[in-house]
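Inside the fold
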Amino acid sequence: MSRLVFTFTTITTKTFLLPPSSPSFHFRFFKSSSASRICKMASSSSSSPSPSPSPSSAIDFLTLCHSLKSTKRAGWVKRDIAGPESIADHMYRMGLMALIASDAPGVNRDKCIKMAIVHDIAEAIVGDITPSDGVPKVEKNRREKEAIDHMCKLLGGGPRAEEIHELWMEYEENSTTEAKVVKDFDKIEMILQALEYENEQNKDLEEFFQSTAGKFQTDLGKAWASEIASRRKQQG
């Protein structure tokens, strides 16, 4: 228990210090021959900082994550897009989306930012598996779950690895409001990128817009998707 001690020496038998407004403190009084001493004691000890991964575990983990920067998003590769974005490119702009999004009741924005930069992290091992690859959804989930488990062990376990694992599972299960927001960002980033490739490379990427139509779960996602659709219509 942490302790702050205030000592007052006066010619009287008692001296009192008015406590702060916080109810989290209580007071003990000690009398001495010349003064009263007031000891203010915190009702609970301060929490110690969370242990961090060792330098070796951190660098091993980050080295594995390098493939997120070098692996191109498979959907664009299959459509012969020149210079397609990487998995990391995709997650980075999703993180920016979470950063600039307006506040919404019950939504933890910081958690959305973290989830955005974690949601595809298992692809550092399994790659970007798309529906056209013919891999059953159950098998895709199994591979990715195995990958995230491996990555968290590589990081050395502990609070940081646990947080990454929990964020990833929450996203996969679509179990919270934040997960629904970030899943919408995933689709928003894809159709925004599709619009940019259409404009830059004279491509018709209608299938990407069709694949997301009617699938947005939040008002924010619906509003941003509508804005992108409106711009596409004007440019068409």
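One can find the structure itself at the top, above this paragraph.
Conventions adopted
Residues numbered from 1 in each chain as written. Predicted model: local features only at pLDDT ≥ 70, side-chain atom pairs only at ≥ 80, totals over all residues. Heavy atoms only, no water. Patch = residues over 30% accessible without salt bridge, like charges linked within 9 Å, V, L, I, M, F, W, Y side chains within 5 Å. Areas by Shrake-Rupley, 256 points an atom, 1.4 Å probe, with all protein chains shown as cover. Salt bridge = Lys/Arg side-chain N within 4 Å of Asp/Glu carboxyl O. Helix = DSSP H or I, 4+ residues; strand = E, 2+ residues; numbered from the N terminus. Expected span 1.5 Å × (residues − 1). Buried < 20%, exposed > 50% of the residue type's maximum accessible area, 1.4 Å probe, protein only. Arc of directions from axis to C-beta. Contact = heavy atoms within 4.5 Å. Axes fitted to C-alpha atoms, helices over the stretch in contact; angles between N-to-C directions. Parallel < 35°, antiparallel > 145°, perpendicular 65-115°, else oblique. Left-handed = near helix turned anticlockwise from the far one by under 90°. Nonpolar A, V, L, I, M, F, W, Y, C, P; charged D, E, K, R; others polar. 1 Å grid on protein atoms, 1.4 Å probe; cavity = no way out; pocket = protein on both sides within 12 Å on 5 of 7 lines; lining within 4 Å. Points joined across faces, edges and corners; volume = space filled by probe spheres on them. Core = buried A, V, L, I, M, F, W, Y, C linked by side-chain atoms within 4.5 Å. Lys, Arg positive; Asp, Glu negative; His and termini not counted.

**Here we look at a nonpolar patch on the surface**
On the surface, Y92, L96, L99 and I100 cluster together into a nonpolar patch covering about 420 Å² of accessible area. Along the chain, the position of L96 falls in helix 3 (residues 87-100).

**Structural notes on helix 10 (residues 219-235)**
Over its 17 residues, helix 10 runs 24 Å from end to end, which matches the ideal 24 Å to within 8%, given 1.5 Å per residue. Listed as buried for helix 10 are G221, A225, I228 and R232. Projection of helix 10 onto a plane perpendicular to its axis shows the buried side chains occupying an angular sector of 60°, all on one side. Away from its buried face by more than 90 degrees, helix 10 exposes D219, K233 and Q234. Buried residues belonging to helix 10 abut helix 8 (177-201) and helix 9 (206-212).

**Observations regarding the packing of helix 4 (residues 109-116) against helix 8**
The relative placement of two packed helices is expressed as an angle between their axes plus a distance between the axes. It is the contact of helix 4 with helix 8, at a shortest axis distance of 9 Å, that shows an interaxial angle of 50°. Taken together, the axes of helix 4 and helix 8 are oblique relative to one another. In terms of crossing hand, the pair formed by helix 4 and helix 8 is right-handed. The segment helix 4 lies against helix 8, with K111, C112, M115 and A116 engaging E178, A179, V181 and V182. Residue composition of the contact of helix 4 with helix 8, grouped by class: six nonpolar, no polar and two charged.

**Overview of the layout of surface pockets**
By volume, the largest pocket is sized at about 1,200 Å³. Lining the largest pocket are 32 residues, with I129, T130, P131, K140 and D186 sitting closest to its centre. Mapped by element, the contributors of at least two residues to the lining of the largest pocket are helix 2 (74-78), helix 6 (137-154), helix 7 (158-173), helix 8 and helix 9. Each residue belonging to the lining of the largest pocket can be placed in one class, and the counts come to eleven nonpolar, seven polar and 14 charged.

**Section: the nonpolar core**
W76, I121 and I191 are the most contacted members of the largest nonpolar core, which totals 44 residues. Looking at this core, the elements that each hand over two or more residues are helix 1 (55-70), helix 3, helix 4, helix 6, helix 7, helix 8, helix 9 and helix 10. In terms of residue count, the dominant contributor to this core is helix 8 (ten residues). Beyond its immediate sequence surroundings of up to four residues, I191 is in contact with F208, F209, T212, F216, A225 and I228.

**Some words on the side chain of K183**
By secondary structure assignment, the location of K183 is in helix 8. Although K183 lies buried, it forms no salt bridge, and the closest oppositely charged side chain, E172, sits 5.3 Å away as judged by the N-O distance. Leave out the neighbours within four places in its chain, and K183 touches Y171, E172, N174 and Q217.

**A closer look at the environment of I228**
By secondary structure assignment, the location of I228 is in helix 10. In this structure the C-alpha to C-alpha distance between I228 and I188, which are 40 residues apart in sequence, comes to 8.4 Å. Setting aside its immediate chain neighbours within four residues, I228 contacts I188, I191, L192, L195 and F209.

**Quick word on the side chain of E144**
Locating E144 in the fold gives a position in helix 6. We classify E144 as buried; its relative accessible area is 4%. Setting aside anything within four residues of it in sequence, one finds E144 in contact with A122, E123, V126, W168 and E172.

**Some remarks on unusual backbone geometry**
Positive phi, close to 60°, is recorded for D80, a residue that is not glycine. Locating D80 in the fold gives a position in the loop between helix 2 and helix 3. Looking at D80, the relative accessible area reads 59%, which means it is exposed. With a phi close to 50°, N174 is a non-glycine residue in the positive phi region. Note on placement: N174 falls in the loop between helix 7 and helix 8. By relative accessible area, N174 is classed as partly exposed at 21%.

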